[in-house]
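Listed below, chain by chain, are the residues.
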Amino acid sequence: MAYGDQPTITAHGVEIPLLGFGTWQLEPEDATRMVSAALKIGYRHIDTAWIYKNEAAVGQGIRDSGVPRDEIFLTTKIWVAHFEHDALLDQAKESAQSLGFTPDLLLLHWPKKTPTFEETLGALNAARDQGLTKHIGLSNFPSAEFKQAQAISSAPLTTNQVEYHPYLNLAPLLATAKELGSSITAWSPLAQGQIADDAVIGAIAQAHGKTAGQVTLRWLIQQGVIAIPRTTKESRAEENFGIFDFELTADEMARIHALARPDGRLGDWLDADFQWDKV
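First things first, this report covers the structure right here in the doc. (Residues numbered from 1 in each chain as written. Predicted model: local features only at pLDDT ≥ 70, side-chain atom pairs only at ≥ 80, totals over all residues. Heavy atoms only, no water.)

Some details on the packing of aromatic side chains
Selection rule: Ring geometry is summarised as follows: Phe, Tyr and Trp rings, the Trp one being its six-membered ring, pair when their centres sit within 6.5 Å, and such pairs are stacked at plane angles under 30 degrees, edge-to-face over 60 and tilted between the two. Going along the chain from the N terminus, every DSSP run of H or I of four or more residues is numbered as a helix, and every run of E of two or more is numbered as a strand. When accessible area is computed with a 1.4 Å probe and restricted to protein chains, residues below 20% of their type maximum are described as buried, those above 50% as exposed, and intermediate ones as partly exposed. Geometrically, a charge over a ring is one whose NZ (Lys) or CZ (Arg) sits within 6 Å of the ring centre while staying within 35 degrees of the ring normal.
Under the criterion given, the structure shown has 9 aromatic pairs. Pairing Phe21 with Tyr43 gives two aromatic rings, centres 5.8 Å apart and planes at 75°, and the pair type is edge-to-face. One end of the pair, Phe21, is in strand β3 (residues 21–22); the other, Tyr43, is in the loop between α1 (28–41) and β4 (45–47), and 22 residues separate them in sequence. The pair formed by Phe21 and Tyr43 is uniform in burial state, with each residue classed as buried. Ring pairs connect the aromatic residues Phe21, Tyr43, Phe241 and Phe244, which therefore count as one cluster. It is Arg218 that lies over the ring of Phe246; its NZ or CZ is 5.9 Å from the centre.

Put into C-alpha cells, the structure is as follows:
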C-alpha cells in the first residue's frame, strides 16, 4: 500500500500510517469536507465509527478527495449495542455499505461483559472472514481485557484505540501492545486542546519553531503510537500534518512524559465491570 514517505507502524504484518485524521463529533457536512481536505493535505489514515453517525459522509469525503482507495487506511468501529453475533455482522455490513468501502480495520468500540467476549470476538472474526473488513482490533480495552481478547480471537488484533496524550501515563498498555505484537492508537491526542497552554510543551515548541500541537503529535508518533487528531478547520489539519520535518530529543520526550498526572483521563466511559491499568 502506498502511503508516500509518511512514517508507518507495522502490527501483525499490517502497515498503518502513524498520523491519521479522526472524525469524532464531526457533523456529516463537516466530515465530508474535512476528510476530503485531509486527504488532499496528505493524510492517508481516516478514522470513524458507527456511533459517530457520519460513516456515509466520511465515504463521500474519500470519494471527493480523488485519492485512490488503496492509498488510504480506513478504520470504523462496532458500537456496543451490536455486540451479539448477528447484530455485529449486520452492523459490519451496514458500515461497509454506508462508507461505500470495505474498511481496513474494524474495532470493538468499548469492552462489554455481556455478551461474552467469546461471542463478540467470534462475530468480529466472522466479519473478517466474510470480507466485511480486512483486519480487526479493539478500542478502549485495558490490558487484562486486551490480553483476554487476543487469546480468544483467531485473527490478530491489530490495534487498541484508547485515550492517550501527555497528561495520561499509558506505560502498562503500551507494554501490553508490544507484548502482543499489536499497536496503540491515540484518541484525543491533544488532550482536547489542553496542551495549547502548557508551558513545558510550549517551550519545546518554541525551540523547534513548531506549535504545541505539532510537538505533542510528534511525541506520540516517536513512541510508535498512532495519533488521530480531529478538527473542523482545514488550517489546523494542515498544521497537524507538519510533524515530519523535526525530531524531539530524548530529554524533550522525557519532559513531556513527566506531565502525566493521576487525574489526566478526559473521557472515562469504561464500564464498572472493568478497570484501567494501575500505574
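Let's pick the thread back up.
Side note on the layout of surface pockets
Just so we agree on the cut-off: A cavity here means a set of points on a 1 Å grid, drawn over the protein atoms and nothing else, where a 1.4 Å probe fits but cannot get out; a pocket is an open set with protein on both sides within 12 Å along at least five of seven lines, and a residue lines either one if it has an atom within 4 Å of a point. Grid points are joined across faces, edges and corners, and a volume is the space filled by probe spheres set on the points. When residues are grouped by polarity, Ala, Val, Leu, Ile, Met, Phe, Trp, Tyr, Cys and Pro land in nonpolar, Asp, Glu, Lys and Arg in charged, and all others, Gly among them, in polar.
Volume-wise, the largest pocket comes out at about 720 Å³. Around the largest pocket, the lining comprises 35 residues; the ones closest to its centre are Trp24, Ser188, Pro189, Gln192 and Arg230. When contributions to the lining of the largest pocket are tallied by element, the ones reaching two or more residues are α8 (212–221) and α9 (234–241). Counting residues per element, the lining of the largest pocket draws most heavily on α9, which supplies 3 residues. Looking at the lining of the largest pocket residue by residue, the classes come out as 14 nonpolar, 15 polar and 6 charged. As a volume, the second largest pocket reaches approximately 260 Å³. Partitioning the lining of the second largest pocket into residue classes produces 8 nonpolar, 2 polar and 3 charged.

Some remarks on the sheet that holds strand β8 (residues 157–163)
The criterion, for reference: Two strands make a pair as long as DSSP finds a minimum of two bridges between them.
Judged by pairing direction, the sheet is parallel, and its 8 strands sit side by side in the order β3-β4-β5-β6-β7-β8-β9-β10 without closing on themselves. A single partner strand is all that each edge strand has here, and the edge strands are β3 and β10 (226–227). Here strand β7 (residues 135–139) pairs with β8 via 3 bridges, running parallel. For Ile136, the partnering residue across the bridge sits in β8 and is Leu157.

Looking at unusual backbone geometry
Here the residue pair Thr114 and Pro115 is connected by a cis peptide bond, since its omega of 0° sits within 30 degrees of zero. Positive phi is not limited to glycine here, since His12 has a value of about 55°. Relative to the elements of secondary structure, His12 occurs in the loop between β1 (8–11) and β2 (14–17). Assessed through its relative accessible area of 35%, His12 is described here as partly exposed.

Quick look at the pattern of salt bridges
Note the cut-off: By definition here, a salt bridge exists when the distance from a side-chain nitrogen of Lys or Arg to a carboxyl oxygen of Asp or Glu is within 4 Å.
Inspection of every chain in the model, using the stated rule, returns 12 salt bridges. With a shortest N-O distance of 2.8 Å, Asp104 and Arg69 are connected by a salt bridge. Highlighted residues: Asp104 in the loop between α3 (85–99) and β6 (105–108) and Arg69 in the loop between α2 (55–65) and β5 (73–78), separated in sequence by 35 residues. Here Asp104 matches Arg69 in class, with each residue buried. For the salt bridge of Arg236 with Glu239, the shortest nitrogen-to-oxygen distance reads 3.5 Å. Within this pair, Arg236 and its partner Glu239 are both found in helix α9, separated by 3 residues, close to a single helical turn. Residue Arg236 is classed as partly exposed on the basis of its relative accessible area, which comes to 39%. Overall, the relative accessible area of 24% leaves Glu239 in the partly exposed class. Members of the salt-bridge network, linked through shared partners, are Asp30, Arg33 and Glu234.

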